[in-house]
Amino acid sequence: MKISHQRQYLLFLSPYLVGIFIFIILPALSTLIIAFTKYNLAGRPEFNGLTDFVSILSSAYIRIGIKNTVLFLITAIPLRVAGALLLALLLQKKSPPYGFFRATVMLPTFIPQVAFALICLWIFNPFYGPVNTILQGIGLGQPEWFTDPWMARLMILLISAIQLGEGFIMMLAGLQSIPKYFIEAAKIDGANAWKIFWKITFPHLMPWIFIFIIRDLVFSLEQSLIPTYTITYGGPYYSTTLMPLLIYELAFDFFDFGLASATLVVFYAIMGLIVLSLVNLWRK
Amino acid sequence: MREMKNPHAPNVTRIILSIIIGFIFIFPLYVGIVASLQPAGVPAKPGFQWFPTTFAWNNYQAVFEIIPFGRYLLNSILIVLIAVPISTVIASLAGFGWRQLNDEKLQRWILYINIFVLMIPGAAVWIFRYQLLSWLDWIDTPLALIFPAFAATNPLFALITFLGYQQIPDEILESALLDGASPMELFIKITIPLSIPTTAGVAILSFVFYWGDFINPLLYIYDPTLYTLPVGLEILKQMDITNIPLIMAASIIMVFPVLLIFWFLQRFIFHELSLSNLFQRDI
């Protein structure tokens, strides 16, 4: 008997659907359940109700982690969105040199993250590193990137800001999707570049910027794991302990899977609410 | 009256700004290379070094002697050779099947599932994956590094192939079907050859992932003989964080293949054929 074509297409899709179910959806759902259990590597998970959620409230470590994360998100996302947008506007031209510049903008995002983090470790070296020798040369002193909590936060923010390749691609795609005749027509009507940007380009880009922001609520944090792990390991004084590193610590250093899951659930429930309210705002 | 500008004349301000931007984004890599050529163990000179003063190429050799860097390199290459093809095949099959479904509702649902999965933070899957991999007995085996390929590595990849294959006109595929081609032939003989840039793009992005993957070895690999390059770099750093030339040399070795691929394939990724075209199509 022949299998119908449509059935065969479903078969093409099935390895992928099974894969994401087993390796992504199922683990994410089970995190929701593990949050209500006492669970470490030694034994089976035991139901313990809301105990983990109560310990979140009393843990100063988790509180400072959440505070850092919120601080990071409200500074990093605007910086990354504005940066990606400006770079895309600057480098969108089709002629050859711009292709090269576009590739350079993607470099810090696509080279191996550990290698990039270690290069940053050298760049921000307080005594001999390039940044501080340049700052010293122009008389701005030598900031203590690794020992001052606020400077360390700034360093992680700068690293995140330069790794905006994915957002840059999205903004380029958004710019290319604007019909050329819109801009031509505006030019003929005598609109200047500033006006064209605010009346045509920006409104057209809004959906792309919106998707970028939503995705960055998760993605900018994912990216922060390697710099916060290799360069600062959350320090100094826990100032660069962001959500992924916090979860890593709770789950794989303290082996408290229950507490780690509960922290995730609480944090991403808050994030979910933010996303939903953003979506609602967008619809209006 | 404003003068009409010649649209083809190069804009000087734009070029200068672009050069500054290019400089900023290349700067980290450049100073990394300069630092990797300083002799190891000699205190750094005061002031900023714009150019390498010495060419201590033996740093690149020393990396392989101080830690089993060759072993890590080999492991990384093996993982990439196995995982990238699996990941690319699964993503391409999924994209093709997805494109060919004639039930629009089902197509839409798969899109929703994809977007939902894209929004799941990495940390949310670590814990159960650890349990899952221990049940499968995959902890401390290469499979613990390869397994994301079975889910196409990243839901974005299936989305890219889906959007890419949608650019192939329906008529081409339909006429092939009328000529008696099977879905598999449609996929291998028509879809793949017509969308090389898409497939190449997905393969490159998976290469970037497996080559730089740090978190999976960190969580699931404890046997030093199975370590990959990113873990090797971290080990080198922990051995002696002050030996910058050596750490930089190891980092540059790891960055090099990615640069090479960028160089060869940048016309696929960054020119008009690119990902950006893919995103234009409405779903």
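About the cut-offs
The residue numbering used here restarts from 1 in each chain and proceeds along that chain's sequence as written. Lettering of chains starts at A and numbering of ligands starts at 1, both following the order in which they are written. In keeping with the predicted nature of the model, local features appear solely for residues at pLDDT of at least 70, side-chain atom pairs appear and are counted solely at 80 or more, and the whole-chain, interface and lining totals rest on all residues. Hydrogens and water molecules were not included; the side-chain quantities draw on all heavy atoms of the structure. Numbering of helices and strands runs from the N terminus; a helix is a DSSP stretch of H or I covering at least four residues, while a strand is a stretch of E covering at least two. A simple rule labels every residue: compare its accessible area, found with a 1.4 Å probe on the protein chains alone, to the largest value its type can have, and call it buried under 20%, exposed over 50%, or partly exposed in between. Here, residues are in contact when the closest pair of their heavy atoms is within 4.5 Å. In short, Shrake-Rupley with a 1.4 Å probe defines the accessible areas, and a residue's cover is counted only from the protein chains shown. Per residue, pLDDT captures the predictor's confidence, and it can take any value from 0 to 100. The criterion for an aromatic pair is that two Phe, Tyr or Trp rings (for Trp, the six-membered ring) have centres within 6.5 Å, with stacked assigned to planes under 30 degrees apart, edge-to-face to planes over 60 apart and tilted to the rest. Either the NZ atom of lysine or the CZ atom of arginine qualifies as a charge over a ring when it sits within 6 Å of the ring centre and within 35 degrees of the ring normal. Any pair of nitrogen or oxygen atoms within 3.5 Å is treated as a polar contact; in protein, a donor-acceptor pairing is required on top of that, and neighbouring residues in sequence qualify only through side-chain atoms on both sides. Note on definitions: buried area is the accessible-area loss of two parts on being combined, 1.4 Å probe, summed for both. A side-chain nitrogen of Lys or Arg and a carboxyl oxygen of Asp or Glu constitute a salt bridge if their distance falls within 4 Å. Under the convention adopted here, Pro, Cys and the residues Ala, Val, Leu, Ile, Met, Phe, Trp and Tyr are nonpolar, Asp, Glu, Lys and Arg are charged, and Gly plus all remaining residues are polar. Expected span of a helix, by definition, is 1.5 Å for each gap between consecutive residues, and there is one gap fewer than residues. The term bend refers to the angle at a residue between two fitted axes, each drawn through seven residues, those ending there and those starting there. Geometry is summarised by axes, namely lines fitted to C-alpha atoms with helices restricted to the contacting stretch, and by angles between N-to-C directions that run from 0 to 180 degrees. In a left-handed crossing the near helix is turned counterclockwise from the far helix by less than a right angle, and in a right-handed crossing that turn is clockwise.

A look at the overall build of chain B
Right, on to step 1. Across its full length, chain B carries 14 helices and zero strands.
Right, on to step 2. Starting at the N terminus and walking to the C terminus, you meet the elements of chain B as α-α-α-α-α-α-α-α-α-α-α-α-α-α.
Right, on to step 3. Across the 283 residues that make up chain B, the buried fraction comes to 54%.
Right, on to step 4. Partitioning the intrachain contacts of chain B with sequence separation of at least 6 by distance along the chain shows that 71% fall at a separation of at least 24.
Right, on to step 5. Total accessible area computed for chain B in this model is approximately 13900 Å², and 68% of it derives from carbon and sulfur atoms.

Overview of the confidence of the model for chain B
Residues and elements named next belong to chain B.
Right, on to step 1. Averaged over every residue, the pLDDT of chain B is 85; residues scoring 70 or more account for 88%.
Right, on to step 2. Low confidence marks residues 1–8, where pLDDT is under 50. Its contacts with residues over four positions away, or in another chain, come to zero contacts.
Right, on to step 3. For the stretch residues 272–283, pLDDT sits under 50, and the model shows 32 contacts to residues farther than four places along the chain or on other chains.
Right, on to step 4. With pTM at 0.88, the complex prediction returns an ipTM value of 0.88.

Focus: the packing of aromatic side chains
All names here are of chain A.
Right, on to step 1. Inspection of the entire model under this criterion finds 41 aromatic pairs over all chains.
Right, on to step 2. With centroids separated by 5.1 Å and ring planes inclined at 45°, the aromatic side chains of Phe36 and Phe53 adopt a geometry described as tilted. Taken together, the residues Phe36 in the loop between α1 (5–34) and β1 (37–38) and Phe53 in helix α2 (residues 51–58) connect sequence positions 17 residues apart.
Right, on to step 3. The ring of Trp150 has Arg153 lying over it, and the distance from NZ or CZ to the ring centre is 4.4 Å.
Right, on to step 4. Taking the ring centre of Phe219 as reference, the NZ or CZ of Arg215 above it sits at 4.7 Å.

Observations concerning the environment of Leu159(B)
Residue and element names in this part refer to chain B.
Right, on to step 1. You can see Leu159 is positioned in helix α7 (residues 155–165).
Right, on to step 2. Considered as a pair, Leu159 and Trp98 are 61 residues apart in the sequence and their alpha carbons are 9.3 Å apart.
Right, on to step 3. Beyond its immediate sequence surroundings of up to four residues, Leu159 is in contact with Trp98 and Leu111.

Description of the side chain of Asn68(A)
All names here are of chain A.
Right, on to step 1. Along the polypeptide, Asn68 turns up in helix α3 (residues 60–91).
Right, on to step 2. Within polar-contact distance, the side chain of Asn68 engages the backbone oxygen of Tyr238 at 2.7 Å.
Right, on to step 3. When sequence neighbours within four positions are dropped, the list of residues in contact with Asn68 reads Arg153, Tyr238, Ser239, Thr240, Thr241 and Leu242.

Comments concerning the interface of chain B and chain A
In many analyses, interface size is given as the accessible surface area lost on bringing the parts together.
Right, on to step 1. Facing 93 residues of chain B, the contacting portion of chain A comprises 81 residues.
Right, on to step 2. In total, about 8200 Å² of surface goes out of reach between chain B and chain A, with carbon and sulfur atoms giving 79% of it.
Right, on to step 3. Linking chain B with chain A are zero salt bridges.
Right, on to step 4. Residue classes in the side of chain B that touches chain A are distributed as 72 nonpolar, 16 polar and five charged.

Brief notes about the side chain of Gln113(A)
All names here are of chain A.
Right, on to step 1. Positionally, Gln113 belongs in helix α5 (residues 113–123).
Right, on to step 2. Accessibility expressed as a relative area gives 17% for Gln113, which makes it buried.
Right, on to step 3. One polar contact links the side chain of Gln113 to the main-chain carbonyl oxygen of Ile111, over a distance of 2.9 Å.
Right, on to step 4. Once residues lying within four places of it in the same chain are set aside, the contact partners of Gln113 are Pro108, Gln163 and Ile226.

Side note on helix α10 (residues 193–232) of chain A
Residues and elements named next belong to chain A.
Right, on to step 1. Taking 1.5 Å of rise per residue, 40 residues should cover 58 Å, yet α10 covers just 43 Å from first to last C-alpha, more than 12% shy of that figure.
Right, on to step 2. The largest bend in α10 amounts to roughly 50° and is located at Asp216.
Right, on to step 3. Directly after α10, the chain includes Tyr233, whose backbone phi takes a positive value near 40°.

Considerations on the packing of α3(A) against helix α12 (residues 257–283) of chain A
Residue and element names in this part refer to chain A.
Right, on to step 1. Between α3 and α12, the least distance of the axes is 12 Å, while the angle of their chain directions is 35°. For α3 against α12, the interelement crossing comes out right-handed. Counted together, Ile62, Thr69 and Leu73 of α3 and Leu259, Thr263, Phe267 and Met271 of α12 form the full contact between these two elements.
Right, on to step 2. Residues belonging to the contact of α3 with α12 are distributed by class as follows: five nonpolar, two polar and no charged.

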